[in-house]
Amino acid sequence: MQLYNTLTRQKETFVPLSEGHVGIYVCGPTVYSEPHIGNARGPVFFDVIRRWFEHEGYRVRYVSNITDVGHLTDDADEGEDKLAKRAKLEQLEPMEIAEKYFWRYFDAMTALGVRRPDIIPRASGHITEQLTMTQTLLERGLAYERGGNVYFDVSAWGGYGELSGRKADDQQEGTRVEVRSDKDDPRDFALWKRAEAGHIMRWPSPWGDGFPGWHLECSVMSTKYLGDTFDIHGGGLDLIFPHHECEIAQAKGAGKGFANYWLHWNFLTFGGEKMAKSKGALALSELIAQHGGVALRFHLLSAHYRSVSDFSDESLYASKQGLRRLQDTYTELTRRTDAQPDAEADAQAGTPRDDPFAPYRDRFAAAMNDDFNTPQAVAVLFDSSRNVNAALSKNPNAGFVAAAKAFFDETARDVLGIVGEQADGSAEDDTALLDGLIELVSEQRQGARLRRDFPTSDAIRDRLAELGVALEDTPEGVRWKRSTPKEKVTP
Ligand SMILES: [Zn+2]
């Protein structure tokens, strides 16, 4: 298995620390607002990595954290805590905010077919461990205290910059030097911050009441659950600097080996432009309601994780059509094997040499072993699906059907998670039904308009608006969107 290691900037053969085991840590979300589509790429990708390792016989321990304290609005260790800021806005406790958006996030992940990580540690639940690492770094001369703040001393740590390759000079250029800052060097970053009066999220420490710096939790929680040295650390490209650089400095500074392989997924763009969270238009819950979680999952997997993935209505519709083809093949195979359950058992007992799908299986594995090339893996599924459909029209024997079903179970269902129970049971089928129903209704409205029966066409549009459906005329016909339901107008 080859994977691209950001640390060495090349593809390397994966060698686990412990034979047959793999430990993975992925930086999770800060739970302070509605999850958006940009939050989905990493979890979907790592869900597939995890499934692929399991397919290859590994025992996986997958840890992904939840940030519920310490992530400030300003990268230079100033500004408000993102949760506290949101809590004021929504008039809730910060931990109510954490709880609310934690579930929004995991509900969306479930719809996307993302399995829960084995451990989901929260920053606020690991304050003691974070204090211990801060203490260790102070004892080792790699940190200093200034009036209740504790900072990591970058100049005292030789390894800083090993992941990002960023030199001290270009960092200083880009960093705003805070007038109020009590840091010795603007590159230094907070391990522990003093809580000012009125700051709700605070814990006692040897340096007074405060809260941990954002980077610290990941160094602490990854090594707590995966060991001082572990296999894979993942995150978005935007986390390489400063977040991951700081994670490495803290963990290695505290005497840990830390992660051997660093995997980073690229950005999502929207119609070619970099996605900005502030746009707000791409809330995951809305996209899932409109397109189904599995279609989004499939769309995300259609691009390699290290490439930019573009998200537009057009590309999403194309992905949905492709997915539908694979799902139709799978549904037909399921229907036929359900009718002949014995043949499937026979096929599973058969030797790989007899298996007409062995070449596809090899190609699928080659794609996945080449730095998790999911678009290639999907292409193998399309190839095999075309052959299966051609064969199905000629009434193949039960053995062939069972072998085809077994291949799709193993790849499309178990590894990519795009067909099968999860895919069938999600909003996907309802979405197709809804699409059809709304198409039917809008045809009726169109007919009424052509007859100049405007009271009827207006009544249909108003009723749909009350239900929260907005119709949109496009060159390809009428499309529909979810909108805020309109109050019913009583005459
Ligand atoms: Zn992290």
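These numbers were taken from a predicted model, which means no experiment stands behind them.

Q: Requested: an account of the overall build of the chain, with residues and values cited.
A: Looking only at helices and strands, one finds 17 helices and 15 strands in the chain. Burial statistics for the chain: of 491 residues in total, 51% are counted as buried. Sequence-distant contacts, at least 24 apart, represent 75% of the contacts inside the chain between residues at least 6 apart. Carbon and sulfur atoms form 50% of the exposed surface of the chain, whose accessible area is close to 22800 Å².

Q: Any details on the coordination of the zinc ion? Residues and values, ideally.
A: Protein coordination at the zinc ion comes from Cys27 (SG), Cys218 (SG), His243 (NE2) and Glu247 (OE), with a distance range of 2.1 to 2.3 Å. Each of the 4 donor atoms bound to the zinc ion contributes to angles spanning 78 to 127°, and the resulting shape is irregular. Linear spacing of the donor residues for the zinc ion on their chain is C-x190-C-x24-H-x3-E. Highlighted residues: cysteine 27 in the loop between β3 (21–26) and α1 (41–55) and histidine 243 in helix α7 (residues 240–253), separated in sequence by 216 residues. Classification of cysteine 27 by relative accessible area gives buried; the value is 9%. Given the relative accessible area of 2%, histidine 243 is considered buried.

Q: I'd like a rundown of the packing of aromatic side chains, residues and numbers included.
A: If you walk through the whole model with that rule in mind, you get 26 aromatic pairs. Aromatic pair phenylalanine 407 and phenylalanine 408: ring centres 5.6 Å apart, planes at 90°, arrangement edge-to-face. A relative accessible area of 0% places phenylalanine 407 in the buried class. An aromatic cluster of three or more residues is present, and its members are Phe14, Phe45, Phe46, Phe53, Tyr58, Tyr261, Trp265, Tyr305 and Phe372.

Q: Mind laying out the nonpolar core, listing which residues take part and the relevant values?
A: Ile24, Phe46, Phe53, Ile232, Phe372 and Ile418 are the most contacted members of the largest nonpolar core, which has 87 residues in total. Among all residues touching isoleucine 24, those that are not within four sequence positions of it are Phe46, Ile49, Phe53, Val60, Arg61, Tyr62, Val63, Leu226 and Ile232. Judged by nonpolar contacts, the second largest core, of 37 residues, contains Val63, Leu142, Cys218 and Cys246.

Q: Explain the packing of helix α10 (residues 313–339) against helix α13 (residues 374–392) residue by residue, including any values.
A: Contact pair α10 / α13: the axes reach a minimum separation of 10 Å and the direction vectors enclose 45°. Classified by the interaxial angle, the pair formed by α10 and α13 is oblique. For the pair α10 and α13, the crossing hand works out as left-handed. Contacts between α10 and α13 pair Gly322, Arg325, Leu326, Thr329, Glu332, Leu333 and Arg336 from the former with Leu381, Phe382, Ser385, Val388, Asn389 and Leu392 from the latter.

Q: Please give an account of helix α12 (residues 358–369) that cites residues and values.
A: With 12 residues, α12 extends 16 Å between its outermost C-alpha atoms, agreeing within 8% with the 16 Å of an ideal straight helix rising 1.5 Å per residue. Within α12, the full set of buried residues consists of Tyr360, Arg361, Phe364, Ala367 and Met368. With its buried residues spanning 125° around the axis, α12 presents them on a single face. Summarising the contacts, the buried residues of α12 are in contact with α1, α13 and α14 (398–413). Positive backbone phi, at 55°, marks aspartate 371, one or two positions downstream of α12.

Q: I'd love a proper account of unusual backbone geometry, names of residues and values included.
A: Between phenylalanine 241 and the following residue, proline 242, the backbone shows a cis peptide bond with an omega angle of 5°. Among the secondary structure elements, proline 242 is positioned in helix α7. Of note, arginine 9 is a non-glycine position whose phi angle comes to about 55°, a positive value. Mapped onto the elements, arginine 9 comes out in the loop between β1 (2–5) and β2 (10–13). A positive phi angle, close to 65°, is found at phenylalanine 258, a residue other than glycine. Relative to the helices and strands, phenylalanine 258 resides in strand β10 (residues 258–265). Look at phenylalanine 258 and you get buried, because its relative accessible area is 1%.

Q: Residues and numbers for the sheet that holds strand β11 (residues 268–270), please.
A: Strand pairing in a sheet takes place through backbone hydrogen bonds and is either antiparallel or parallel in direction. The mixed open sheet is built from 3 strands, whose spatial order is β12-β11-β13. The open sheet has two free edges, formed respectively by β12 (273–274) and β13 (309–311), since each of these has just one partner strand. Judged from the 3 bridges that link them, β11 and β13 form a sheet pairing that is parallel. Opposite threonine 269, over in β13, you have aspartate 310 as the bridge partner.

Q: Can you lay out the pairing of β10 for me, pointing to particular residues and giving the numbers?
A: Within β10, 7 of the 8 residues are buried, leaving the element largely enclosed by the surrounding structure. Bridge count for strand β9 (residues 229–236) against β10 is 7 bridges, and the pairing is parallel. For glycine 234, the partnering residue across the bridge sits in β10 and is leucine 263. Taking the sense of rotation as the criterion, the β-α-β connection linking β9, α7 and β10 turns out right-handed.

Q: Mind laying out the sheet that holds strand β8 (residues 210–212), listing which residues take part and the relevant values?
A: Strands sit in the order β5-β6-β7-β8 across an open sheet of 4 strands; the sheet is antiparallel. Every interior strand has two partners, whereas the edge strands, β5 (143–146) and β8, have only one. Ignoring which end each strand starts from, the neighbouring axes of this sheet average 20° apart. The sheet contact formed by strand β6 (residues 149–152) and strand β7 (residues 189–194) spans 3 bridges and is antiparallel. Bridge pairing in β7 places phenylalanine 152 opposite phenylalanine 189.

Q: Give a description of empty space enclosed by the protein that names residues and reports values.
A: Scanning all chains against the criterion turns up 2 cavities of 30 Å³ or more. By volume, the second largest cavity is sized at about 60 Å³. In this structure, the second largest cavity is lined by Arg41, Val44, Phe45, Leu300, Leu301, Ala303, His304, Tyr305, Phe372 and Thr374. Top element by residues in the lining of the second largest cavity is α1. It accounts for 3 residues.

Q: Can you explain the pairing of β5? Please cite residues and give values.
A: As paired elements, β5 and β6 share 4 bridges and run antiparallel to each other. Residue pairing for β6: arginine 146 is matched across the bridge by asparagine 149. Taking the residues that link successive antiparallel strands as the turn, the β5-β6 hairpin has 2 residues, and the phi of glycine 147 there is positive, at about 55°.

About the cut-offs
- Residues numbered from 1 in each chain as written.
- Predicted model: local features only at pLDDT ≥ 70, side-chain atom pairs only at ≥ 80, totals over all residues.
- Heavy atoms only, no water.
- Helix = DSSP H or I, 4+ residues; strand = E, 2+ residues; numbered from the N terminus.
- Buried < 20%, exposed > 50% of the residue type's maximum accessible area, 1.4 Å probe, protein only.
- Contact = heavy atoms within 4.5 Å.
- Areas by Shrake-Rupley, 256 points an atom, 1.4 Å probe, with all protein chains shown as cover.
- Donors = N, O, S within 2.8 Å, 3.2 Å for Na, K, Ca; no water.
- Tetrahedral: all angles 85-135°; square planar, octahedral: opposite > 155°, others 65-115°.
- Phe/Tyr/Trp six-rings, centres within 6.5 Å; stacked < 30°, edge-to-face > 60°.
- Core = buried A, V, L, I, M, F, W, Y, C linked by side-chain atoms within 4.5 Å.
- Axes fitted to C-alpha atoms, helices over the stretch in contact; angles between N-to-C directions.
- Parallel < 35°, antiparallel > 145°, perpendicular 65-115°, else oblique.
- Left-handed = near helix turned anticlockwise from the far one by under 90°.
- Expected span 1.5 Å × (residues − 1).
- Arc of directions from axis to C-beta.
- Pairing = 2+ DSSP bridges.
- Right-handed = clockwise from strand over helix to strand, strands pointing away.
- 1 Å grid on protein atoms, 1.4 Å probe; cavity = no way out; pocket = protein on both sides within 12 Å on 5 of 7 lines; lining within 4 Å.
- Points joined across faces, edges and corners; volume = space filled by probe spheres on them.

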